[in-house]
Amino acid sequence: MSTEIEFKHIRKSYGDKVIMEDFNLRVEKGEFVTIIGSSGCGKTTALKMVNGLIQPDGGDILIEGENIRSKDQTQLRRNIGYAIQGSVLFPHMTVEQNISYVPNLLNRRDRAKTKAAVEKWMKIVGLDEELKERYPGELSGGQQQRVGIARALAASPEILLMDEPFGAVDEITRGQLQEELLRIYHQTRITVLFVTHDIGEALKLGTKVLVMDHGEVQQYDTPTGLLHHPATPFVERLVEKERRTCRLPEEKLGECEFSGAAEA
Ligand SMILES: Nc1ncnc2c1ncn2[C@@H]1O[C@H](COP(=O)(O)OP(=O)(O)OP(=O)(O)O)[C@@H](O)[C@H]1O
Ligand SMILES: [Mg+2]
């Protein structure tokens, strides 16, 4: 596998507050990386650096070996889908216009193709077609999130950044969206960086899990590696409960010596 995203010696402060002193990470192409860590440890900051929304004070970010400093910002962002919780939709555009925004830029001449893409992605994320003409302000929080995800995916990005994308939805919808996202991931094999506060979600979705604390990598490993060989006490505490419950599918657990406790 080739390296898709690389953080090299990243430094970042806000005023006097140092967020990252020397952050290093190498993400291979096609990896689904879930990112978890204490609040304020720098997860959103790291994500936003990848598509140039935040500039590091020092160090470099490479995408497919190319320093993003030397890339055209518009071009960079067009290749990177970004879905975050909250008001990321264009409020003055309908659902359809929101989702077709980037596809329209990419294939200006082929409106039928764009229309078909919008319908496809609305279906995939479970949005009823009749919502097409609505404005974001006329949707529930969960529906807005789905539009955000559809819009990010409709751009056919090579990298997908998701910042707690399922935060505002109920448990059942969340499960469905997780399954849908995994299906899309397996179909497209794009590289995903996905921030979550839920260790169960991190272990379930990720091919790799990044555990961060105070702007540093605590562990970057497979879910199995995290569960079986937690690198620090911080990781140990994080996975402790999940180890006992062992709710993960077998291929993620590996040889689960804790499975005696898994009787549900
Ligand atoms: N624009 C800003 N100006 C000043 N401080 C900031 C700014 N953006 C973020 N911070 C601070 O930087 C730190 C890291 O923020 P960041 O948003 O990356 O954290 P996070 O890991 O995503 O947290 P959460 O899990 O709560 O979303 C926090 O202490 C935050 O308060
Ligand atoms: Mg955040």
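This report concerns the structure included in the present document. (Residues numbered from 1 in each chain as written. Chains lettered and ligands numbered in written order. Predicted model: local features only at pLDDT ≥ 70, side-chain atom pairs only at ≥ 80, totals over all residues. Heavy atoms only, no water.)

1. Points about the overall build of the protein
Stage number 1. Along the backbone of the protein there are eleven helices and ten strands.
Stage number 2. Expected size for 264 residues packed as a compact globule is a radius of gyration near 18 Å; at 19 Å, the protein falls within 12% of this value.
Stage number 3. A principal-axis box enclosing the C-alpha atoms of the protein has dimensions of 55 × 50 × 35 Å.
Stage number 4. The buried share of the protein, taken over its 264 residues, is 52%.
Stage number 5. Contacts in the protein between residues far apart in sequence, at least 24 positions, make up 64% of those at least 6 positions apart.
Stage number 6. Total accessible area computed for the protein in this model is approximately 13,100 Å², and 48% of it derives from carbon and sulfur atoms.
Stage number 7. Charged side chains in the protein number 34 positive and 40 negative. The centres of these two groups are separated by 5 Å. (Helix = DSSP H or I, 4+ residues; strand = E, 2+ residues; numbered from the N terminus. Rg over C-alpha atoms; globule rule 2.2 N^0.38 Å. Buried < 20%, exposed > 50% of the residue type's maximum accessible area, 1.4 Å probe, protein only. Contact = heavy atoms within 4.5 Å. Areas by Shrake-Rupley, 256 points an atom, 1.4 Å probe, with all protein chains shown as cover. Lys, Arg positive; Asp, Glu negative; His and termini not counted. Charge placed at Lys NZ, Arg CZ, Asp CG, Glu CD.)

2. Details of the packing of aromatic side chains
Stage number 1. Scanning the entire structure with this criterion turns up five aromatic pairs.
Stage number 2. Judged by centre distance (5.2 Å) and plane angle (80 degrees), the ring pair of Phe-32 and Tyr-185 falls under edge-to-face. You can see Phe-32 sitting in strand S3 (residues 32-37) and its partner Tyr-185 sitting in helix H7 (residues 171-188), a full 153 residues away along the chain.
Stage number 3. On the basis of relative accessible area, Tyr-185 is assigned to the buried category, the value being 2%. (Phe/Tyr/Trp six-rings, centres within 6.5 Å; stacked < 30°, edge-to-face > 60°.)

3. Examining the pairing of strand S6 (residues 80-84)
Stage number 1. Judged by how many residues are buried, S6 sits mostly within the fold: four of five residues are covered.
Stage number 2. Pairing between S6 and strand S7 (residues 159-163): five bridges, direction parallel. Residue pairing across strands places Gly-81 opposite Leu-160, the latter belonging to S7. (Pairing = 2+ DSSP bridges.)

4. Examining the pairing of strand S10 (residues 216-221)
Stage number 1. With five bridges connecting them, strand S9 (residues 208-213) and S10 associate as antiparallel partners. By the bridge assignment for S10, Val-209 is matched with Asp-221.
Stage number 2. Once S9 ends, the chain turns through two residues before running back antiparallel as S10, passing His-214 with a positive phi of about 45 degrees.

5. Overview of the sheet that holds strand S8 (residues 191-195)
Stage number 1. Strand order across the open sheet formed by six strands is S6-S7-S8-S3-S9-S10, with mixed pairing between neighbours. Looking at which strands have only one partner, the edges of the open sheet turn out to be S6 and S10. Here the strands of the sheet are splayed against their neighbours by 15 degrees on average, with no regard to which way each runs.
Stage number 2. Where helix H6 (residues 141-154) meets the sheet, its contacts fall on S6 and S7, and the angle it forms with S6 comes to roughly 175 degrees.
Stage number 3. Taken strand by strand, helix H10 (residues 233-245) contacts S3, S9 and S10, and its axis lies near 120 degrees from that of S9. (Axes fitted to C-alpha atoms, helices over the stretch in contact; angles between N-to-C directions.)

6. As for the pattern of salt bridges
Stage number 1. Under the defined criterion, the tally for this structure stands at twelve salt bridges.
Stage number 2. As a salt-bridge pair, Glu-201 and Arg-174 come within 3.3 Å of each other at their nearest N and O atoms. In this pair, Glu-201 sits in helix H8 (residues 199-205) while Arg-174 sits in helix H7, placing the two residues 27 residues apart along the sequence. The residues Glu-201 and Arg-174 share a single accessibility class, namely buried.
Stage number 3. Three or more residues joined by partner-sharing salt bridges are found here, namely Lys-115, Glu-119, Glu-129 and Lys-132. (Salt bridge = Lys/Arg side-chain N within 4 Å of Asp/Glu carboxyl O.)

Function-wise, these values are silent; they only describe arrangement.
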